[in-house]
Amino acid sequence: MEIINRRQRMASVARKLRREEDKTIGLVPTMGALHEGHLSLVREARRMCDVVIVSVFVNPTQFGPAEDFTRYPRDLTGDTTKLADYNVDYIFAPPVEEIYPKGFATYVSVENLSEPMEGVARPGHFRGVATVLTVLFNAIRPDFAFFGQKDAQQTLVVKRLVRDLAFDIEVVVLPTVREQTGLALSSRNAYLSDEQRKAAAVLYRGLSQAREVYLEGERNAKRLAETVRAQVDAEPLARLEYVGVVDAETMEKYDRLPEDRPVLIAIAAHVGKTRLIDNIVIQPARPKSGATGRLTLPEGA
Ligand code: AMP
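The structure contained in this document is the topic of the report that follows. Each chain has its residues counted from 1, running along the sequence as written. Thresholds applied to this predicted model are a pLDDT of at least 70 for local features of residues and 80 or more for the giving and counting of side-chain atom pairs; totals over whole chains, interfaces and linings are not thresholded and use all residues. By convention in this description, side-chain values take in all heavy atoms of the structure and omit both hydrogens and water.

### Overview of the nonpolar core
General note: in soluble globular proteins, nonpolar side chains tend to be found buried as a group. Definition in use: Side-chain atoms within 4.5 Å are what join buried Ala, Val, Leu, Ile, Met, Phe, Trp, Tyr and Cys residues into a set we call a nonpolar core. Relative accessibility under 20% of the residue-type maximum defines a buried residue, over 50% an exposed one, and the middle range a partly exposed one, all with a 1.4 Å probe and only protein chains included. We count a stretch as a helix when DSSP gives it H or I for four or more residues in a row; a strand needs E for two or more, and each element gets its number in order from the N terminus. What counts as a domain boundary in this text is fixed by an automatic or database domain assignment. Here, two residues are considered to be in contact whenever any of their heavy atoms come within 4.5 Å of each other.
Within the largest apolar cluster, 48 residues are counted, with the highest numbers of intra-cluster contacts made by Ile 53, Leu 133, Phe 137 and Ile 140. Among the elements that take part in this core, helix H6 (residues 125–140) stands out by supplying ten residues, more than any other. Mapped onto the domain boundaries, this core takes at least three residues apiece from domain 1 (2–174) and domain 2 (187–282). Ignoring sequence-local partners within four residues, the contact set of Leu 133 consists of Pro 29, Phe 147, Val 158 and Leu 161. If you look at the next biggest cluster of nonpolar residues, it comprises 29 residues, including Leu 183, Leu 207, Ala 238 and Val 271.

### Topic: the sheet that holds strand E4 (residues 90–92)
This is how it is decided: What makes two strands pair is DSSP finding at least two bridges between them. Axes, fitted as lines to C-alpha atoms, cover a helix only where it is in contact. Angles between the N-to-C directions of the axes lie from 0 to 180 degrees.
Spatial ordering of the open sheet is given by E1-E4-E3-E2-E5-E6, a layout of six strands whose pairing is parallel. The sheet terminates laterally at strand E1 (2–4) and strand E6 (170–174), the two strands that pair on one side only. Strand-to-strand twist across the sheet, computed as the mean angle between neighbouring axes with direction ignored, equals 25°. Relative to E4, E1 is paired through three bridges, and the arrangement is parallel. Bridging across to E4, Glu 2 finds its partner in Tyr 90. Helix-sheet contacts for helix H2 (residues 36–48) involve strand E2 (25–30), strand E3 (51–56), strand E5 (144–148) and E6, and the interaxial angle to E5 is about 155°.

Okay, structure coming up:
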């Protein structure tokens, strides 16, 4: 395993792998402080691709001015040990100037999909995400890029970015990895005290409750959102920021959910000073046009 810090070096290694060795390249973009959620992506990349590259880069442009960029957990030594265990070929861990050289002035915005939910709460966030991914995709030109369902809106933004800018990349989305309590793994969980961590399980309890209510036949989006809100409000350590009930592919808002479309229920909440997000997707009981339908995705999806 080699750790690469320079963008030029990363690009020339990837070019050689592609051209001279005809290897398929899988990229797992991360901000480091790796946990089992990240490692599930690495495992699948290892299974699908000849060469696995994991980028570790805390991307300043996706953080707002009042957010946790400077105190975001960083542990390249620990990350390196974990990635060596997974037989990763390259870690790309550039300093900020390698991604954003002096005078950097070009940004990528994915309109519409970036605007609701996280887009309201974190203006400019997805512009930062789309921009850094464009730089990574152009430097590495992977065949596959791996993302977690944990960041549901991000997966939609990335798919649209890849389609619209004609990147020759297959986007692979993998299920959310959770603790026993249901709490979605996140690097930001490191900020939580034991008591807060227990309380944070309320996010997934709220989502699961909404799924139950949906399966009992409720199709009123507001009522499903209220189900989540009631659970979260009952936890004194948690403060709900938003709950969105939207189309899982288009993020379209509905008053009444259609029977033939997957539904995304996404939530952001603060537990103490820590901001957490989570979501579930409910697959339609009656999907359109002969597709085989399942009632729900497997646990954690
Ligand atoms: P991050 O380091 O937070 O930017 O995350 C890097 C990638 O890991 C993103 O595609 C995330 O969606 C994914 N990821 C983070 N947490 C989880 C999780 N609990 N389960 C699955 N994927 C995750």
